[in-house]
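In case you want the letters, here they are:
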Amino acid sequence: QVQLVESGGGLVQPGGSLRLSCAASGSIRRNYNMGWYRQGPGKQRDLVAAITRRGTTNYADSVKGRFTISRDNAKNTVYLQMNRLKPEDTAVYSCNVPDVVTTEGHEYDIWGQGTQVTVSS
């Protein structure tokens, strides 16, 4: 019932910026933890940034100081602001909600479809 939809990906020059969005829909009763993941060519899928129900954030070392995760609970949307992008940031970026409370109970391990980010000159 709960669905996640990512948007905001695209082609950008090195040093540029993008802002990704992950919009959740469904009968959500409580705020939820969420993580942004990415999987580049020939690489495993890694956690990039996470934000808790309380707003606590965490980042992979590779993006610290460049990426910022935030949320707008009124819109059920989580954002990933990406600055000073590098070619190695090229990947499919996906959002994940491990556990969300709805009007019908819990739903687990929900993924969006992913959005492509390509950093190239």
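Residues numbered from 1 in each chain as written. Predicted model: local features only at pLDDT ≥ 70, side-chain atom pairs only at ≥ 80, totals over all residues. Heavy atoms only, no water.

Student: A description of the pairing of strand 9 (residues 91-102) should follow, citing residues and the corresponding values.
Tutor: Most of strand 9 sits inside the fold, with 9 of its 12 residues counted as buried. Pairing geometry for strand 9 and strand 11 (residues 115-119), over 3 bridges, is antiparallel. Across the sheet, residue V92 finds its bridge partner in strand 11, namely Q116. Where strand 9 hands over to strand 10 (residues 105-111), the hairpin turn is made up of 2 residues, counted between the paired strands. (Buried < 20%, exposed > 50% of the residue type's maximum accessible area, 1.4 Å probe, protein only. Helix = DSSP H or I, 4+ residues; strand = E, 2+ residues; numbered from the N terminus. Pairing = 2+ DSSP bridges.)

Student: Give a description of the pattern of salt bridges that names residues and reports values.
Tutor: Within the structure shown, the criterion is met by 3 salt bridges. The salt bridge partner of R38 is D89, with a shortest N-O separation of 2.9 Å. In this pair, R38 is assigned in strand 4 (residues 34-39) and D89 in the loop between strand 8 (77-82) and strand 9, connecting sequence segments 51 residues apart. The same class applies to R38 and to D89, which are both buried. (Salt bridge = Lys/Arg side-chain N within 4 Å of Asp/Glu carboxyl O.)

Student: Describe the environment of S94, naming the residues involved and giving the relevant values.
Tutor: Tracing the chain through its elements places S94 in strand 9. Judged by relative accessible area, which is 12%, S94 ranks as buried. Remark: the alpha-carbon pair of S94 and T57, spanning 37 residues in sequence, is separated by 17 Å. Those residues within four positions of S94 in sequence are excluded, and the remaining contacts are E6, G35, W36, Y37, W111 and G114. (Contact = heavy atoms within 4.5 Å.)

Student: Lay out unusual backbone geometry with the relevant residues and their values.
Tutor: Phi angles above zero are rare outside glycine, and R84 is one such case at about 50°. For R84, the position within the fold is in the loop between strand 8 and strand 9. One non-glycine residue with positive phi stands out, namely D109, at about 50°. Within the element layout of this structure, D109 appears in strand 10.

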